[in-house]
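What follows is each chain in one-letter form.
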Amino acid sequence: MTRQTVFLLLFVALMLSQLKLHISSLASISLDPSLVSFSLDPFNDLPSIAQDDLPTKQQQEQPLSTPFCNSLAYSRGATKNRRMVHAFVSNSGHWRFLENALLSMASNRLLSEDWIPVVFALGRGVCPKVESFSQNNHNRKVLCIPYIQRLLQQLQRDEPKSIEQIQPYLLSASAVSSNNNVTTEEEESDFSKVDHGFHTWGSIEHKFMINAKLYALRDILECHTDAFVTDVDVAFVQDPRPYFSAQDDTIFAQNDTSVAYQLSLNSGLMYWKSTDANRKLIHDIITIPPFWWIDQSRVNTVMHNQSTPHVLLKADQFPNGNIIKNFQHRIVLNGSTNLTNKELVVIAHANWNVGSQEKQTMLESIGLWYLKDDEGSANEAP
């Protein structure tokens with residue numbers, strides 16, 4: 001045996017002895033139960049806000065597996081090799097518009113095994129309605145997940161000033177504890193006001209609901225999947241996914257045709273690719289002060305300041321409420337025989353107005369209101 005061989009064997013023996021000592025020391029450690037945060041609650045694994053914890057490109061290659069991510073429904077994305085989560089954020093007070101949006105998808109054969117919308121429920125009244133919708137429409141799949149507690153936990157951490165602003169409007173006195181912890185089931189029940197009301201633009205409750213979209217968007221992107229986020233006052237005519245096919249960080253959004261925002265980007269209809277740059281962007285939109293702007297202002301401002309690549313979808317294909325009001329004679333759908341561009345419209349959005357009746361009248365005027373009575377009883381989709 002040569003001298004080099006002897007030295008090598010001695011070195012290996014020394015390393016093995018050190019490893020054995022290290023393993024023995026680990027076995028003797030007693031973990032403090034208060035430091036163990038593992039939970040089977042799918043709404044407890046909140047996304048980190050630490051920059052060092054943002055996913056790397058290598059991590060992005062594999063879908064993230066957490067209890068929350070595993071609770072979502074995944075659909076085919078903009079291209080066949082991508083997947084997305086299509087999110088509606090809604091309470092039960094806006095159910096008639098959510099139901100109409102789902103009926104428009106079902107009527108145009110968009111609800112399928114490769115497209116399952118996910119409703120992020122702001123209250124307890126939404127999910128039973130979603131389940132009933134599925135049962136009444138040939139068991140078409142629509143997933144509903146409770147989102148209030150998860151949203152409040154993130155607001156408490158990331159936007160404490162927003163929590164301070166909404167508490168007087170949304171919580172009973174008994175729900176405001178000494179440490180402002182608003183995450184228990186008992187406290188969640190005090191959100192019946194935001195759950196059951198139809199909240200008009202400009203109200204505190206409306207701000208709460210529309211800003212919740214930002215958190216749903218971040219949660220989806222943190223699962224390493226594309227995010228398609230739509231308001232409930234939309235109606236589908238065609239499959240929009242072919243219009244989102246760019247292969248980079250580009251964000252696709254409806255054109256708001258407004259000078260009120262730097263980019264004229266409507267945050268009620270957006271498709272975000274799952275990329276590190278977009279995860280960083282939504283992190284900044286949520287956490288960079290000032291807080292409590294409405295979601296559209298926040299998205300436009302931060303994207304403008306960061307020169308974010310984006311595409312505004314064509315207004316004749318994705319008409320907003322302003323376009324519908326001014327060019328109604330050009331975009332009436334569903335049975336009109338005197339109009340020629342039905343094939344152009346992909347999704348219509350009844351924004352640019354504040355009231356429930358105004359939105360319904362707008363959708364009715366272009367043939368995209370699918371409910372047959374004032375109570376919200378739906379026509380059965382084919």
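Predicted model only: the values in this text are computed from it and were never measured. (Residues numbered from 1 in each chain as written. Predicted model: local features only at pLDDT ≥ 70, side-chain atom pairs only at ≥ 80, totals over all residues. Heavy atoms only, no water.)

(A) Up close: the overall build of the protein chain. Within the protein chain, the secondary structure is distributed over 15 helices and 10 strands. In the protein chain, which comprises 382 residues, the share counted as buried stands at 52%. (Helix = DSSP H or I, 4+ residues; strand = E, 2+ residues; numbered from the N terminus. Buried < 20%, exposed > 50% of the residue type's maximum accessible area, 1.4 Å probe, protein only.)

(B) Region of interest: the state of the cysteines. What the rule picks out here adds up to two disulfides. Here Cys69 is linked by a disulfide to Cys223, with a sulfur-sulfur distance of 2.0 Å. In this structure the cystine formed by Cys69 and Cys223 twists about its S-S bond by roughly -90 degrees; its chirality is therefore left-handed. One end of the pair, Cys69, is in helix α3 (residues 67–70); the other, Cys223, is in the loop between α10 (204–222) and β5 (226–230), and 154 residues separate them in sequence. Take Cys69 and Cys223: they sit in the same class, and that class is buried. The partner cysteine of Cys127 in its disulfide is Cys144, sulfur to sulfur 2.2 Å. The sign of the S-S torsion, about -75 degrees, decides the handedness of the disulfide formed by Cys127 and Cys144: left-handed. (Disulfide = S-S within 2.5 Å.)

(C) Here's a closer look at the confidence of the model for the protein chain. Across the protein chain, the average pLDDT comes to 78, with 68% of residues at or above 70. Low confidence marks residues 18–43, where pLDDT is under 50. Its contacts with residues over four positions away, or in another chain, come to 13 contacts. Note that residues 182–187 has pLDDT below 50 and, in this model, 16 contacts with residues that lie over four places away or in other chains. (pLDDT = per-residue confidence, 0-100. Contact = heavy atoms within 4.5 Å.)

(D) Geometry of helix α15 (residues 356–365). Listed in full, the buried residues belonging to α15 are Lys359, Gln360, Met362 and Leu363. One side of α15 holds all its buried residues, which, seen down the axis, span an arc of 160 degrees. As for α15, its buried residues are in contact with α4 (95–107), β6 (234–236) and α13 (321–326). Positive backbone phi, approximately 75 degrees, marks Gly367, located one or two places after α15. (Arc of directions from axis to C-beta.)

(E) Just the environment of His349, in detail. Take His349: it is sitting in strand β10 (residues 347–349). The spatial distance from the C-alpha of His349 to the C-alpha of Asn320 is 4.8 Å, given a sequence separation of 29 residues. Aside from chain neighbours lying at most four places away, what touches His349 is Asp231, Asp233, Val234, Gln254, Asn266, Gly268, Pro319, Asn320, Gly321 and Ile324. A polar contact of 3.4 Å, which involves the side chain of His349, links it to the side chain of Asp231. At 3.0 Å, the side chain of His349 forms a polar contact with the side chain of Asp233. (Polar contact = N/O pair within 3.5 Å; in protein donor to acceptor, adjacent residues only side chain to side chain.)

(F) Focus on empty space enclosed by the protein. Under the defined criterion, the tally for this structure stands at one cavity of 30 Å³ or more. Quantified by volume, the largest cavity comes out at close to 40 Å³. In this structure, the largest cavity is lined by Lys213, Leu214, Leu217, Val229, Ser267, Met270 and Asp295. Among the elements of the structure, α10 and β8 (265–272) are those that each provide at least two residues to the lining of the largest cavity. Ranked by residue count, the leading element in the lining of the largest cavity is α10, at three residues. A class-by-class count of the residues in the lining of the largest cavity yields four nonpolar, one polar and two charged. (1 Å grid on protein atoms, 1.4 Å probe; cavity = no way out; pocket = protein on both sides within 12 Å on 5 of 7 lines; lining within 4 Å. Points joined across faces, edges and corners; volume = space filled by probe spheres on them. Nonpolar A, V, L, I, M, F, W, Y, C, P; charged D, E, K, R; others polar.)

(G) Geometry of unusual backbone geometry. Look at Asn139: it is not a glycine, yet its phi comes out positive at around 55 degrees. Relative to the assigned elements, Asn139 resides in the loop between α5 (126–136) and β4 (143–146). The class for Asn139 is exposed, based on a relative accessible area of 57%. Here His224, not a glycine, exhibits a phi torsion of approximately 60 degrees, which is positive.

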